[in-house]
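Now for the letters of each chain:
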Amino acid sequence: MASSILSISIPIGIGDLIHLKSQLSTVEHNYSKIEMSFNPELFVNRDADYKNFVTSLFNRLFSSDKYELVEYNNQPYRNPSLLFSQEGILPAKPYLKELLCSSTENIHGNYICLTTKVRQLPLSHYLKIKDRYFETLNGFSKKYKIMILGEREVEYNEEYQYYTGEHIYSLYNDYLQNLPNDRVIDLTIPKLGITCPNIEQLIHDCSLMSNANYNITFGIGGNFCAAIAVGRVVGWRLDDDHVADTLYIHQNSFPDIYITKNSD
């Protein structure tokens, strides 16, 4: 019987927690307990409610007795990439529909789901394919409704200011201006970035993504990670993220997703 304890501190991003869950699930049988903590410094300059949100998400993802959220005591920091390089635990594609979705009932029929926020895919590259992208989406809209999820406005917190609007931005206005109104299901929220996410909203959005015929994503981030954890995804990314390159570099690796660096 496993008797060792893995004790680490972990990041507070939605995508990181989703991938940590799938990664640790592959080795949890090797440990009697996996203890995790949040470094309080990660919450500096965050909305006061953000720790409550992250704790709620943690409790939902790591709900078994194997895992425990403990007080921070200088445990080594391990995001998914460091968990791989330092602990030898391979990344794993998330399959978390049962944890991230509240219902599988579909009341919207056939639809394609778009998320508004783009992270780590340069705006300049998006603008190069924008016309072709909306020509394709408008063609799809004859067969599918187009559902839009996510924030209408990206609020530029300290982290986002570092990356700038070239690397983190919202496509909401483009979707409104370039898609037929009668084929759009707009379920967006006003803003995120400084405003704290809502766990109920996240679970609701995941439920909607799980029922979509396809989810279309640009770049990587929490919305990308949630989509691949619960639904069928076609995604375009240009980043060099270590975990994403390990898992999603080959387009045919998984039957339910197609992630590519080829804009065509």
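Structure shown above.
Residues numbered from 1 in each chain as written. Predicted model: local features only at pLDDT ≥ 70, side-chain atom pairs only at ≥ 80, totals over all residues. Heavy atoms only, no water.

**Regarding the pattern of salt bridges**
Part 1: Following the criterion strictly, the structure yields ten salt bridges and no others.
Part 2: For Arg237, the salt bridge identified is with Asp245, shortest N-O distance 2.8 Å.
Part 3: On the basis of relative accessible area, Asp245 is assigned to the partly exposed category, the value being 22%.
Part 4: In this structure, Lys261 engages Asp245 in a salt bridge whose closest nitrogen and oxygen atoms are separated by 3.1 Å. Linking Lys261 in the segment after strand E13 (257-260) with Asp245 in helix H10 (residues 242-248), this pair joins segments that are 16 residues apart in sequence.
Part 5: Salt bridges here are not isolated pairs; linked through shared partners, they connect Arg237, Asp239, Asp245 and Lys261. (Salt bridge = Lys/Arg side-chain N within 4 Å of Asp/Glu carboxyl O. Buried < 20%, exposed > 50% of the residue type's maximum accessible area, 1.4 Å probe, protein only. Helix = DSSP H or I, 4+ residues; strand = E, 2+ residues; numbered from the N terminus.)

**Remarks on the sheet that holds strand E2 (residues 33-37)**
Part 1: One open sheet accounts for three strands, arranged E1-E2-E3; its pairing is parallel. With partners counted over all chains shown, the strands left at the sheet margins are strand E1 (5-9) and strand E3 (67-69), one partner each. Between one strand axis and the next, the sheet turns through 20 degrees on average, direction left out of account.
Part 2: Across five bridges, the pairing between E1 and E2 is parallel. By the bridge assignment for E2, Leu6 is matched with Ile34. (Pairing = 2+ DSSP bridges. Axes fitted to C-alpha atoms, helices over the stretch in contact; angles between N-to-C directions.)

Honestly, that's just the spatial picture; any functional story needs more than this.
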